[in-house]
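So you can see what is in the structure, the chains are spelled out below.
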Amino acid sequence: MAQPEYLRIAAELRRRISSGEFGPGDQLPTLPALCAEYRVSETTIRNAINLLRNEGLVETRARAGTRVRPRPPIHRMAADRYRPAPGAKSTPYTRDQGIGWSEYRLDKRFEKVQADAELAALFECEVGERLLARHFVFFDNDQPTQMSTSYVRWSDVAGTPVADPINEPWPGGTRAQMSSLGINVARITESFTAAMPTEVEATTLRVGAGVPVIRYTRRHIADTGRVVEVAHPIVRRGDTTIVDFAIDLD
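The text that follows walks through the structure, step by step, so that each part is easy to find. Small disclaimer: the values here were computed from a predicted structure and weren't measured.

The rules behind each value
Residues numbered from 1 in each chain as written. Predicted model: local features only at pLDDT ≥ 70, side-chain atom pairs only at ≥ 80, totals over all residues. Heavy atoms only, no water. Axes fitted to C-alpha atoms, helices over the stretch in contact; angles between N-to-C directions. Helix = DSSP H or I, 4+ residues; strand = E, 2+ residues; numbered from the N terminus. Parallel < 35°, antiparallel > 145°, perpendicular 65-115°, else oblique. Contact = heavy atoms within 4.5 Å. Buried < 20%, exposed > 50% of the residue type's maximum accessible area, 1.4 Å probe, protein only. Arc of directions from axis to C-beta. Patch = residues over 30% accessible without salt bridge, like charges linked within 9 Å, V, L, I, M, F, W, Y side chains within 5 Å. Areas by Shrake-Rupley, 256 points an atom, 1.4 Å probe, with all protein chains shown as cover. Salt bridge = Lys/Arg side-chain N within 4 Å of Asp/Glu carboxyl O. Pairing = 2+ DSSP bridges. Polar contact = N/O pair within 3.5 Å; in protein donor to acceptor, adjacent residues only side chain to side chain. Nonpolar A, V, L, I, M, F, W, Y, C, P; charged D, E, K, R; others polar.

Concerning the packing of helix α1 (residues 5–18) against helix α2 (residues 31–38)
For any two helices packed against each other, one specifies the inter-axial angle together with the distance between the axes. Where α1 meets α2, the closest approach of the two axes is 12 Å, and the angle between their N-to-C directions is 110 degrees. It follows that α1 is roughly perpendicular to α2 by the angle criterion. In this structure, α1 uses Arg8, Ile9, Glu12, Leu13 and Arg16 to contact α2, whose residues at the interface are Leu34, Glu37 and Tyr38.

Structure follows, in structure tokens:
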């Protein structure tokens, strides 16, 4: 079965972008020019461009044409990113991104919720336990690169600075917050999945609908064995995120 023309043209334009013929920020030829070059209808070219736009390769703006979208840099999430870092203000996120405190911005919204069955299983608590849900969008300068909802037990944080969004971002992150409450975090677990973004994720992270995301669930566990924080989910674009693991073998 013959491949649809728009797929063939999209593949050719994708190759020209990856080869550097059209670099980041470069404008693609106009619709009439592409129609003439490939000898197809405007509808076929639009379908090809729409496919590349959904993949996050190009962006189209009114009266500005279609340009190759600048590709964000690759960021590595190191296995030891939760270890305390002496010196300048930082969090695991700023260390992952390789940015300073002044380049870091955090949008946040807090609300009190009750644990549903899924959260109760993650917290190993009763359904209905009161939690503080903290919704975050993380910015590297002006670029949103991560979003998450982090839950903590209301009984742990009620009436403390941890429950006040004005204190975010908190130097040292969640582990430092727990330490301020007299809770020693002894273990952190993470589990990862990959999928295509929801509409909210694509809009928030400014990615094309065809760009995959990684979602992961993180738990902070105290030295008593009690789960004190669950981030579910943390979401990052999957095409520019590398997760590093180090496994020491005897």
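From this point on, the discussion continues.
A closer look at α2
Two residues of an α-helix separated by three or four positions point the same way, owing to the 3.6 residues in each turn. For α2, the full list of buried residues reads Leu34, Cys35 and Tyr38. End-on, the buried residues of α2 take up no more than an arc of 105 degrees, which puts them together on one face. Away from its buried face by more than 90 degrees, α2 exposes Pro32 and Ala36. Elements in contact with the buried residues of α2: α1 and α3 (42–54).

Description of a nonpolar patch on the surface
A contiguous nonpolar patch, built from Phe245, Ile247 and Leu249 and spanning about 430 Å² of accessible area, is present on the exposed surface. Relative to the elements of secondary structure, phenylalanine 245 occurs in the segment after β10 (241–243).

Details of the pairing of strand β5 (residues 130–140)
A regular strand places its side chains on the two faces of the sheet in alternate fashion. For β5, the tally of buried residues reaches 10 of 11 residues, placing the bulk of the element in the interior. Bridge count between strand β4 (residues 104–114) and β5: 11 bridges; the pairing is antiparallel. The residue bridging glutamate 111 from the neighbouring strand is alanine 133, located in β5. With 10 bridges joining them, β5 and strand β6 (residues 143–153) adopt antiparallel strand pairing. When the bridges of β6 are listed, histidine 135 appears paired with threonine 149.

Observations regarding the pattern of salt bridges
Throughout the structure, instances matching the rule amount to 18 salt bridges. Two residues, arginine 81 and glutamate 190, come together in a salt bridge whose shortest N-O distance is 2.5 Å. Of the two residues, arginine 81 sits in the loop between β3 (75–77) and α4 (92–97) while glutamate 190 sits in strand β7 (residues 185–195), which places them 109 residues apart along the sequence. For arginine 81, a relative accessible area of 4% gives the class buried. Residues arginine 218 and glutamate 229 are paired through a salt bridge, measuring 2.6 Å at the closest nitrogen-oxygen approach.

Quick look at the side chain of threonine 94
Residue position: threonine 94 is located in helix α4. According to the relative accessible area criterion, threonine 94 is buried, its value standing at 3%. At a separation of 2.9 Å, a polar atom in the side chain of threonine 94 contacts the main-chain amide nitrogen of threonine 91. Apart from the residues within four sequence positions on either side, threonine 94 is in contact with Ile99, Trp101 and Tyr104.

Focus on the packing of α2 against α3
Across the interface, α2 lies against α3 with an axial gap of 9 Å and an inter-helix angle of 105 degrees. The angle between the axes of α2 and α3 places the two elements in the roughly perpendicular class. In contact with Leu31, Leu34, Cys35 and Tyr38 of α2, α3 contributes Glu42, Ile45, Arg46 and Ile49. Residues of the contact of α2 with α3, tallied by class, amount to 6 nonpolar, no polar and 2 charged.

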